[in-house]
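Survey of secondary and tertiary structure
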Amino acid sequence: MYTVPQAPLILITGGSRGVGAATARLAAAQGYDVAISFVSDESAALAVVADVEAAGRRALAVRADSANPEQVVQLFAAIDRAFGRIDVLVNNAGINALQSRVEDLAFERMQRIFAVNAIGPMLCAQQAVKRMSFRHQGRGGSVINISSASARLGSPNEYVDYAASKGALETFTIGFAKEVAREGIRVNCIRPGHIYTDIHASGGEPGRVDRVKDSIPMGRGGQPEEVARAILWLAGAEASFITGTFLDVTGGK
């Protein structure tokens, strides 16, 4: 009796908007079943689910704060129940806050930014490795961490705390990649540059990309779909000998 092979499952944290939503839609078009996590905007998350299902793939949206260990455990348990597998983890969830100089940063802000942007991906990676690793009878997998060009540039006068949290994520990428390289798991990192997403509004300047685009060698901001294509290339078989690597999607900046 012939059985239809099960589709690979991709989990995208922060998948209800921006780069995460674009990645979910493109992943569905490439044959993945898709799980996304979201924190607040359920209607946006359900819209992504509808688009994935319209592409003929299975979809799941789970409300989960990736900086909360219990909610991360519940997120992966929901995926176990719905799909029984995970093949790709995209640590995309991230936050910033209003543009500020370092001396004006509140402690609570710094804590929250590091919790979501640096610790959250580590919590998700812990759960993923227990399911993917050959050591745990897994079939292997791929982890893509979403950093930022700010990790290289520092974001002075704007988001030094955000940039520092992404720097921590990059160091985690290097160590984790080496740790699981012989266990069937590849770990890579994307550095988006100035991309047209809602995160700039969170920083108090919705038009930031247009303000800085002349400083970008290509003379324009990027689209979320351009980042999504890079994520899914690194996630897939075409990048089978690539791990511990950083791919800048920045228009040359």
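Reading the values: rules and limits
- Residues numbered from 1 in each chain as written.
- Predicted model: local features only at pLDDT ≥ 70, side-chain atom pairs only at ≥ 80, totals over all residues.
- Heavy atoms only, no water.
- Buried < 20%, exposed > 50% of the residue type's maximum accessible area, 1.4 Å probe, protein only.
- Helix = DSSP H or I, 4+ residues; strand = E, 2+ residues; numbered from the N terminus.
- Pairing = 2+ DSSP bridges.
- Right-handed = clockwise from strand over helix to strand, strands pointing away.
- Axes fitted to C-alpha atoms, helices over the stretch in contact; angles between N-to-C directions.
- Contact = heavy atoms within 4.5 Å.

Right, let's get into the pairing of strand β4 (residues 88-91). Burial along β4 is two-sided: the residues V88 and V90 and L89 and N91 are all buried. Sheet topology note: the strand β1 (residues 9-12)/β4 ladder contains three bridges and is parallel. Paired with L11 across the two strands is L89, which belongs to β4. Between β4 and its parallel partner strand β5 (residues 141-146), the chain crosses via helix α4 (residues 107-132), and the hand of that crossover is right-handed.

We note that Q137 has phi near 65°; this positive angle belongs to a residue other than glycine. In this fold, Q137 is placed in the loop between α4 and β5. Even without being a glycine, S155 presents a positive backbone phi close to 50°. If you trace the backbone, S155 turns up in the loop between α5 (150-153) and α6 (160-180). Under the relative-accessibility criterion, S155 is labelled buried at 10%.

Spatially, β3-β2-β1-β4-β5-β6-β7 is the arrangement adopted by the seven strands of the open sheet, whose pairing is parallel. A single partner strand is all that each edge strand has here, and the edge strands are β3 (59-63) and β7 (246-249). On average, each strand axis in the sheet is inclined to that of its neighbour by 15°, with strand direction left out of account. The pairing of β5 with strand β6 (residues 185-192) spans six bridges and is classified as parallel. Looking across to β6, one finds that I146 is bridged to I190. Against the sheet, α4 contacts β4, β5 and β6, and its axis sits at roughly 175° relative to β4. Together, β5, β6 and β7 form the strand contacts of α6, whose direction differs from that of β6 by roughly 160°.

Looking now at the environment of M122. On the secondary structure map, M122 appears in helix α4. A residue is classified by how much of its surface remains accessible, and M122, at 39% relative accessible area, is partly exposed.

Turning to the side chain of S100, a few remarks are in order. By the element assignment, S100 lies in the loop between β4 and α4. On the basis of relative accessibility, which here comes to 13%, the residue S100 falls in the buried class. When residues no more than four places from it in sequence are discounted, the contact partners of S100 are L105, R109, N157, E158 and Y159.

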